[in-house]
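# Geometric and topological summary
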Amino acid sequence: LLPAIESYGLGLLPFFPLASGLLTGKYKRDEAPPEGTRLAEWKSITERYATRANWDAIDRLQKFCIERNHSILELAISWLLSRSSVSSVIAGATNPEQIDQNTAAGTWRLSPEDLTEIDRLLC
């Protein structure tokens with residue numbers, strides 16, 4: 001989608017930029033989602049996001065983040081902000097700490113080498 005958007009000079013406003021919380025670190029592979037969370041309450045969201053392929057990708061990205069002293073949430077937001085076609089990133093929050101985390105995530109500037117490595121990890 002992004003290559004097409006970029007080629008036409010359009011902008012993207014990502015929907016669920018943290019994959020309903022999957023990219024926040026609150027969910028763990030092979031563990032029941034915490035009560036009251038989207039993945040606990042919405043089966044269709046769980047089926048869409050909590051797949052084996054997504055967990056495998058998250059494991060690879062998590063290692064990338066740990067090596068750089070950042071979180072997966074920071075990576076998700078900083079990657080989106082690194083794309084010129086992304087107009088804005090709107091990530092919801094249910095408490096003040098999440099607002100702080102989302103705001104801080106925007107300060108990580110991914111290098112061209114980081115972006116290349118992320119692409120490699122996701123292929």
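So, here's what we can say about the structure. Predicted model only: the values in this text are computed from it and were never measured. (Residues numbered from 1 in each chain as written. Predicted model: local features only at pLDDT ≥ 70, side-chain atom pairs only at ≥ 80, totals over all residues. Heavy atoms only, no water.)

## Comments concerning the packing of aromatic side chains
Cut-off, in case you're wondering: Ring pairs are drawn from Phe, Tyr and Trp, using the six-membered ring of Trp, whenever the two centres fall within 6.5 Å, and their geometry is named by plane angle: stacked under 30 degrees, edge-to-face over 60, tilted for the rest. Only lysine NZ and arginine CZ atoms are considered, and such an atom sits over a ring when it is within 6 Å of the ring centre and within 35 degrees of the ring normal.
What the rule picks out here adds up to two aromatic pairs. Here the guanidinium or amino end of Arg 68 rests over the ring plane of Phe 64, the centre of that ring lying 3.7 Å away.

## Quick notes on helix α7 (residues 112–122)
Stated precisely, the cut-off is as follows: We call a residue buried when its accessible area falls under 20% of the maximum for its residue type, exposed when it is over 50%, and partly exposed in between, using a 1.4 Å probe and counting protein chains only. To qualify as a helix, a DSSP run of H or I must reach at least 4 residues; to qualify as a strand, a run of E must reach at least 2; elements of each kind are numbered from the N terminus. For this quantity, the arc is that covered by the directions from the helix axis to the C-beta atoms. Contacts were defined at the residue level, with two residues in contact if any of their heavy atoms lie within 4.5 Å.
Buried residues of α7: Asp 114, Ile 118 and Leu 121, and no others. One face of α7 carries all of its buried residues, which in axial projection span an arc of 65°. Facing away from the buried side of α7, by more than 90 degrees, are the exposed residues Pro 112, Glu 113, Thr 116 and Arg 120. Contacts made by the buried residues of α7 are with α4 (52–67) and α5 (72–82).

## Regarding the environment of His 70
Applied cut-off: Any pair of nitrogen or oxygen atoms within 3.5 Å is treated as a polar contact; in protein, a donor-acceptor pairing is required on top of that, and neighbouring residues in sequence qualify only through side-chain atoms on both sides.
For His 70, the location among the structural elements is in the loop between α4 and α5. Along the chain, His 70 and Ala 105 lie 35 residues apart, while their C-alpha atoms are 8.7 Å from each other. Beyond its immediate stretch of four places on either side in the chain, His 70 contacts Cys 65 and Trp 108. Side chain to side chain, His 70 and Glu 74 meet in a polar contact 3.2 Å long.

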